[in-house]
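Chain residues, written in single-letter form:
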Amino acid sequence: MKFTKMQGAGNDFIVINNIELNIPVEKLSDIAKKVCERRVSVGGDALMVVDRASRHGDFQMRFYNSDGTVGEMCGNGARCIARYAYENKIAGETMVIETLAGNVLAWRMDKRRYKIRLNNPERIELSNDICMDGKMYECSYIELGNPGLPHAVVKLQGLSSYENNEIFQLGSKIRHYKEFPKGANVNFYEVIQGNDVRVKTFERGVEDFTLACGTGSGSTAAILTLKGVVKKGETVNLHVPGGVLSVDVELNGEQVKNLYLIGDTNIVAVGEITDEDLVV
């Protein structure tokens, strides 16, 4: 099975072309669980599958977390799969990617930098503070697209001083918070200065912190812009463990009109999966 290993800001993906492979969709979840397992297979945060467009896009992006669950959309994944599509002549420099959360527009900016338009928020609760273990946390809730990709945006002062294992339990508890109907990705943040923000994301499906989350960065930038924490009309730079992602938030009054995610992509490896324990 031919594959490409890619990463964007440390978010790593296994990409396969199902237009050529024709693997039945019902088998993809089990394949994702196997090939994404680190140490015993290729390893990755997720499996991304390029498939034929079903509507009016250039192609369809199927996204499977490392535990085999289906993801509605992934920002860093979309940037990476856009590069894959361009370099494999599936799409041009401007493209429309079909996802479960809706169509995503993508642009090639140069060889490695790609820009996508994230799905607009369909649900926003700017003030949704939560109590965990007797302590209150300033929290907002946002869903991108429809069906919505859920994110909690949680202020955590001194975030840079925490190791992931120190806040793992907190991230896991908020991820399963009872008032979040689908669970949520949890984005802890602290403002460095101006429009520079530090973010660490606990991702559902991965059930751990990842080096970056594109939709998490976009959600955080949108929330902080709407709350006036960062300057409106200026690029928000999200400093994630895997690098820096840039987000442009365009507003129409107090509504998010456009949400753009920009960052580098990296083709790590191209080859064949020959895993003898994998049954397709």
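Look above for the structure.
First, a word on scope: everything that follows refers to the structure included in this document. On a predicted model such as this, the values are computed, not experimentally measured, just so you know.

Each value, and the rule that gives it
- Residues numbered from 1 in each chain as written.
- Predicted model: local features only at pLDDT ≥ 70, side-chain atom pairs only at ≥ 80, totals over all residues.
- Heavy atoms only, no water.
- Helix = DSSP H or I, 4+ residues; strand = E, 2+ residues; numbered from the N terminus.
- Rg over C-alpha atoms; globule rule 2.2 N^0.38 Å.
- Buried < 20%, exposed > 50% of the residue type's maximum accessible area, 1.4 Å probe, protein only.
- Salt bridge = Lys/Arg side-chain N within 4 Å of Asp/Glu carboxyl O.
- Contact = heavy atoms within 4.5 Å.
- Expected span 1.5 Å × (residues − 1).
- Phe/Tyr/Trp six-rings, centres within 6.5 Å; stacked < 30°, edge-to-face > 60°.
- Pairing = 2+ DSSP bridges.
- Polar contact = N/O pair within 3.5 Å; in protein donor to acceptor, adjacent residues only side chain to side chain.

## Describing the overall build of the protein
Within the protein, the secondary structure is distributed over 5 helices and 19 strands. Taken against the 2.2 N^0.38 rule, which gives 19 Å for 280 residues, the C-alpha radius of gyration of the protein at 18 Å falls within 12% of a compact globule. Principal axes of the C-alpha set define a box for the protein whose edges measure 50 × 40 × 30 Å. Out of the 280 residues in the protein, the part that is buried amounts to 54%.

## Things to note about the pattern of salt bridges
Counted by the stated rule, this structure contains 16 salt bridges. A salt bridge links Lys 33 to Asp 30; the nearest nitrogen and oxygen atoms lie 3.5 Å apart. Placement of both Lys 33 and Asp 30 in helix 2 (residues 25-35) is noted, with a separation of 3 residues, approximately one turn of the helix. Taking relative accessible area as the criterion, Lys 33 reaches 40% and is therefore assigned partly exposed. In this structure, the salt-bridge partner of Lys 173 is Asp 133, at a minimum N-O distance of 2.9 Å. Here Lys 173 is found in helix 4 (residues 164-175), whereas its partner Asp 133 is found in the loop between strand 9 (130-132) and strand 10 (135-137), with 40 residues between them in sequence. Among the residues examined, Lys 173 registers a relative accessible area of 34% and is labelled partly exposed. Residues joined in a network through salt bridges with shared partners are Lys 5, Asp 12, Arg 38 and Asp 45.

## What to know about the environment of Cys 213
Examined against the element boundaries, Cys 213 turns out to sit in the loop between strand 15 (208-210) and helix 5 (214-226). Since its relative accessible area comes to 4%, Cys 213 is described here as buried. C-alpha of Cys 213 to C-alpha of Asp 277: the two residues are 64 residues apart in sequence and 30 Å apart in space. Once residues lying within four places of it in the same chain are set aside, the contact partners of Cys 213 are Asn 11, Asn 76, His 151, Thr 201, Glu 203 and Leu 245.

## Quick look at helix 5
Compared with an ideal rise of 1.5 Å per residue, which puts 13 residues at 18 Å, helix 5 spans 18 Å between its outermost C-alpha atoms and is within 8% of the ideal. A positive phi of about 80° marks Gly 228, the residue just after helix 5.

## Considering the packing of aromatic side chains
For the structure on display, the rule yields 7 aromatic pairs. For the ring pair Trp 107 and Tyr 260, a centre distance of 5.9 Å and an interplane angle of 65° mean the geometry is edge-to-face. In this pair, Trp 107 is assigned in strand 6 (residues 102-108) and Tyr 260 in strand 18 (residues 255-264), connecting sequence segments 153 residues apart. With centroids separated by 5.1 Å and ring planes inclined at 70°, the aromatic side chains of Tyr 177 and Phe 180 adopt a geometry described as edge-to-face. With respect to class, Tyr 177 is no different from Phe 180; both count as buried. A connected cluster of aromatic rings, assembled from ring pairs, spans Phe 168, Phe 188, Phe 202 and Phe 209.

## Some remarks on the pairing of strand 3 (residues 46-51)
Of all 6 residues in strand 3, 6 are buried; the element is thus mostly enclosed. Side chains Ala 46, Met 48 and Val 50 of strand 3 all project onto a buried face; the interleaved residues Leu 47, Val 49 and Asp 51 project onto the opposite face, where all are buried too. In this sheet, strand 3 lies alongside strand 2 (residues 11-17) in parallel orientation, the contact comprising 5 bridges. Paired with Phe 13 across the two strands is Ala 46, which belongs to strand 3. Bridge count for strand 3 against strand 4 (residues 59-65) is 6 bridges, and the pairing is antiparallel. Looking at strand 4, one finds that Asp 51 is bridged to Gln 60.

## Focus: the side chain of Asn 11
Among the secondary structure elements, Asn 11 is positioned in strand 2. A polar contact is formed between the side chain of Asn 11 and the side chain of Asn 76, at a distance of 3.4 Å. Ignoring any residue separated from it by four or fewer positions in sequence, one finds Asn 11 in contact with Met 6, Asp 45, Cys 74, Asn 76, Glu 203, Thr 210, Ala 212 and Cys 213.

## Observations regarding the environment of Ile 167
With respect to the helices and strands, the residue Ile 167 is situated in helix 4. Through-space distance from the C-alpha of Ile 167 to that of Gly 242 is 18 Å; in sequence the pair is 75 residues apart. In contact with Ile 167, not counting residues within four places along its chain, are Leu 156, Leu 159, Tyr 162, Phe 188 and Phe 209.

Purely geometric numbers; function is a separate question.
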